[in-house]
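Here is what each chain is made of, one letter per residue.
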Amino acid sequence: AAGGEAACRSHRLLLQGGLISPAAPGCYHYLPAAVRALEKLVALVDGAMRAAGGQKLSMPCLSAAEAWRASGRWERMGAELFRLADRHGKGYCLAPTHEEAVTELLAAQSNLSYRQLPLRLYQVTRKFRDEPKPRLGLLRGREFHMKDMYTFDASAEAARRSYELVCDAYGRLFRALGLRVVRVRADAGAIGGTVSHEFQLPAEVGEDRLALCPGGHFAANAETISAEQEACPTCGEPLTRTRGIEVGHTFYLGTKYSSVFNATFCTAENKLQLAEMGCYGLGVTRILAAAVEVLSTEDSIRWPGLIAPYQVCFIPPKKGSREEKGAALLERLYDDVAEAAPQLAGDLVLDDRTQLTIGKRLKDADRLGYPYVIVAGKKACGDPAVFEVWSQNAGEVTFLTREGVIDLLSKVRVS
């Protein structure tokens, strides 16, 4: 949006909450709380990729032009590529994706055997795209974090098995985050290949148009079907039209890249054969923003529980107030929770700005979206002491004793 004002909810809330700060068009500083959420999300992605047989590596963001020329994408990607030259006049781009790089890497392993396949290699790195009009904050930027996985298989059939395995891992990841993501048939675009799906999170600000069967039998990007197609091909129900944010994309590539770079393996019959490939992307920073976009209220961030920057905020009474003696009890409760729930170590915050009212700090905690807020109000001075517990994601307040709070928080899952 012009003048720097935020054009969508997630952008506005992340700016207001001090999670991100604009650096240049389409580039943001991620401040400490956002980095915590990002690192938790990457840890979940790592777990999902390991479960799908993934091995993590890291490839340079700086990518030599020769490889992109060989694949034909140096010309085809046009103005989207950030291009630069070194002091010797050699051309490079800031990689938006790494098909060329990973296929060259595999081709350099001269004695690869069928016994070493499937290989499923992935990374989580910064990617770059020269967006003509960066917009919607982290949803469409010029520099972003992406998880990209590349699979190498001995046959087309095995490659399709890898494809389904990674798609299933994506589905489980989104369910764990509490995001209702749909897998839709898609166009392969500049990446290429013969089969492609997008993982779309329905949202009003989404830039993609989707056609969905209400019964879940059919889902497609509207680009891939004719405007006349009004009914689900399986059940005949009318398709609903909606908008979506693309948070993941998968491609079965076949030998499109392995044939260019001669990425081969040795078969059981001792013959050289081209590896069958797939590639799979997750927009990590985009998932972060998309989750905030769809889960939050108009003026308060709501995080998927597993990636909230901090899980619990403790709010002691205002200095000089009648409830002030509840402060020591709350601090002791903070220590007790840290001991009883070691998984929350480092995830607890004590809002010690006791010059401010409880109400003001409660409002801040609500805006920043801590899943749990524990307040020492009037009832903390009673016998037994009772604390107010705000469960933000459930939108409810309960009153619990010290033991009740410890019992509740020791059950919280953080990964």
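Residues numbered from 1 in each chain as written. Predicted model: local features only at pLDDT ≥ 70, side-chain atom pairs only at ≥ 80, totals over all residues. Heavy atoms only, no water.

A.B. asks: What's the story with the nonpolar core in this structure? I'm lost.
C.D. replies: Side chains of nonpolar character tend, in soluble globular proteins, to be buried together. The biggest cluster of nonpolar side chains holds 54 residues, and the ones touching the most others in it are Leu 14, Phe 174, Leu 177 and Trp 303. The element best represented in this core is helix α2 (residues 32-51), accounting for 9 residues. Residue contacts for Leu 14: discarding those within four places in its chain leaves Leu 19, Ile 20, Leu 138, Ala 289, Val 292, Ile 301 and Trp 303. Core analysis: the next-biggest nonpolar cluster, separate from the first, contains 21 residues, Met 59, Leu 117, Tyr 150 and Phe 265 among them. (Core = buried A, V, L, I, M, F, W, Y, C linked by side-chain atoms within 4.5 Å. Buried < 20%, exposed > 50% of the residue type's maximum accessible area, 1.4 Å probe, protein only. Helix = DSSP H or I, 4+ residues; strand = E, 2+ residues; numbered from the N terminus. Contact = heavy atoms within 4.5 Å.)

A.B. asks: Which parts of the structure should I look at to understand the domain arrangement of the protein chain?
C.D. replies: Accessible area lost upon the coming together of the parts is a frequently used measure of interface size. Annotation of the protein chain at the domain level lists domain 1 (9-295) and domain 2 (310-411). Centre-to-centre separation of domain 1 and domain 2, based on C-alpha positions: 40 Å. Opposite the 4 residues of domain 1 that make contact, domain 2 presents 6 residues. Taken together, the two surfaces of domain 1 and domain 2 that pack against each other cover about 420 Å², and 39% of this comes from carbon and sulfur. At the boundary of domain 1 with domain 2, the tally comes to 2 salt bridges. A salt bridge links Asp 347 to Lys 40; its shortest N-O distance comes to 2.7 Å. At the boundary of domain 1 with domain 2, the tally comes to 3 residue pairs in polar contact (both at pLDDT 80 or more). (Domains from an automatic or database assignment. Buried area = accessible area lost by both parts, 1.4 Å probe. Salt bridge = Lys/Arg side-chain N within 4 Å of Asp/Glu carboxyl O. Polar contact = N/O pair within 3.5 Å; in protein donor to acceptor, adjacent residues only side chain to side chain.)

A.B. asks: I tried to follow the packing of aromatic side chains on my own but got confused; where do I start?
C.D. replies: Geometrically, a pair of aromatic rings is defined through the distance of the ring centres and the angle of the planes. All told, the structure shown has 4 aromatic pairs when counted by the stated rule. Plain terms: the ring middles of Tyr 170 and Phe 199 are 5.2 Å apart, the flat faces sit at 70° to each other, and that makes the pair edge-to-face. A residue pair is termed long-range when its members are at least 10 positions apart, and Tyr 170 in helix α6 (residues 156-176) and Phe 199 in strand β10 (residues 195-202) qualify at 29 residues. You'll find Tyr 170 and Phe 199 in the same group, each marked buried. Where Phe 314 meets Tyr 334, the ring centres are 5.3 Å apart and the plane angle is 65°; that geometry is what we call edge-to-face. One end of the pair, Phe 314, is in strand β17 (residues 312-315); the other, Tyr 334, is in helix α9 (residues 326-340), with 20 residues separating them in the sequence. Taking relative accessible area as the criterion, Phe 314 reaches 0% and is therefore assigned buried. Residue class for Tyr 334 comes out partly exposed when judged on its relative accessible area of 24%. (Phe/Tyr/Trp six-rings, centres within 6.5 Å; stacked < 30°, edge-to-face > 60°.)

A.B. asks: What am I meant to see in the environment of Ala 220 here?
C.D. replies: With respect to the helices and strands, the residue Ala 220 is situated in strand β12 (residues 219-221). For Ala 220, a relative accessible area of 0% translates into the label buried. C-alpha of Ala 220 to C-alpha of Ala 327: the two residues are 107 residues apart in sequence and 55 Å apart in space. Those residues in contact with Ala 220 that sit more than four places away from it in its chain are Val 184, Arg 185, Arg 209, Leu 210, Ala 211 and Ile 225.

A.B. asks: Which parts of the structure should I look at to understand the packing of α2 against helix α8 (residues 284-295)?
C.D. replies: When two helices pack together, you describe them by how their axes are tilted relative to each other and by the distance separating the axes. Direction vectors running N to C along α2 and α8 enclose 115°, while the axes themselves pass 10 Å from each other. One element, α2, and the other, α8, form an angle in the roughly perpendicular class. Handedness of the α2/α8 crossing: right-handed. Counting all contacts with α2, which are made through Ala 34, Ala 37, Leu 38, Leu 41 and Val 42, the residues of α8 involved are Val 284, Thr 285, Ile 287 and Leu 288. Residues that form the contact of α2 with α8 fall into these classes: 8 nonpolar, 1 polar and no charged. (Axes fitted to C-alpha atoms, helices over the stretch in contact; angles between N-to-C directions. Parallel < 35°, antiparallel > 145°, perpendicular 65-115°, else oblique. Left-handed = near helix turned anticlockwise from the far one by under 90°. Nonpolar A, V, L, I, M, F, W, Y, C, P; charged D, E, K, R; others polar.)

A.B. asks: Hey, could you run me through the side chain of Arg 361 in this one?
C.D. replies: Position of Arg 361 relative to the elements: it lies in helix α10 (residues 358-368). It is Asp 351 that comes nearest to the buried, bridge-free Arg 361 among opposite-charge side chains, at 4.7 Å. Apart from residues no more than four positions distant in its own chain, Arg 361 is found in contact with Ile 315, Pro 316, Pro 317, Lys 318, Asp 351, Arg 353, Thr 354 and Leu 356. (Lys, Arg positive; Asp, Glu negative; His and termini not counted.)

A.B. asks: Explain the sheet that holds strand β5 (residues 82-85) to me, please; I cannot follow it from the model alone.
C.D. replies: Through backbone hydrogen bonds, the strands of a sheet pair up, either in parallel or in antiparallel fashion. Here 3 strands make up an open sheet; going across it, the order is β4-β6-β5 and the pairing antiparallel. Strand pairing shows two members of the sheet lacking a second neighbour, β4 (62-64) and β5, which therefore form its edges. Neighbour-to-neighbour, the strand axes of the sheet open up by a mean angle of 35°, direction not taken into account. Strand direction decides the pairing type here: β4 and strand β6 (residues 91-94), joined by 3 bridges, are antiparallel. Among the inter-strand pairings, Ala 64 is bridged to a residue of β6, identified as Tyr 92. (Pairing = 2+ DSSP bridges.)

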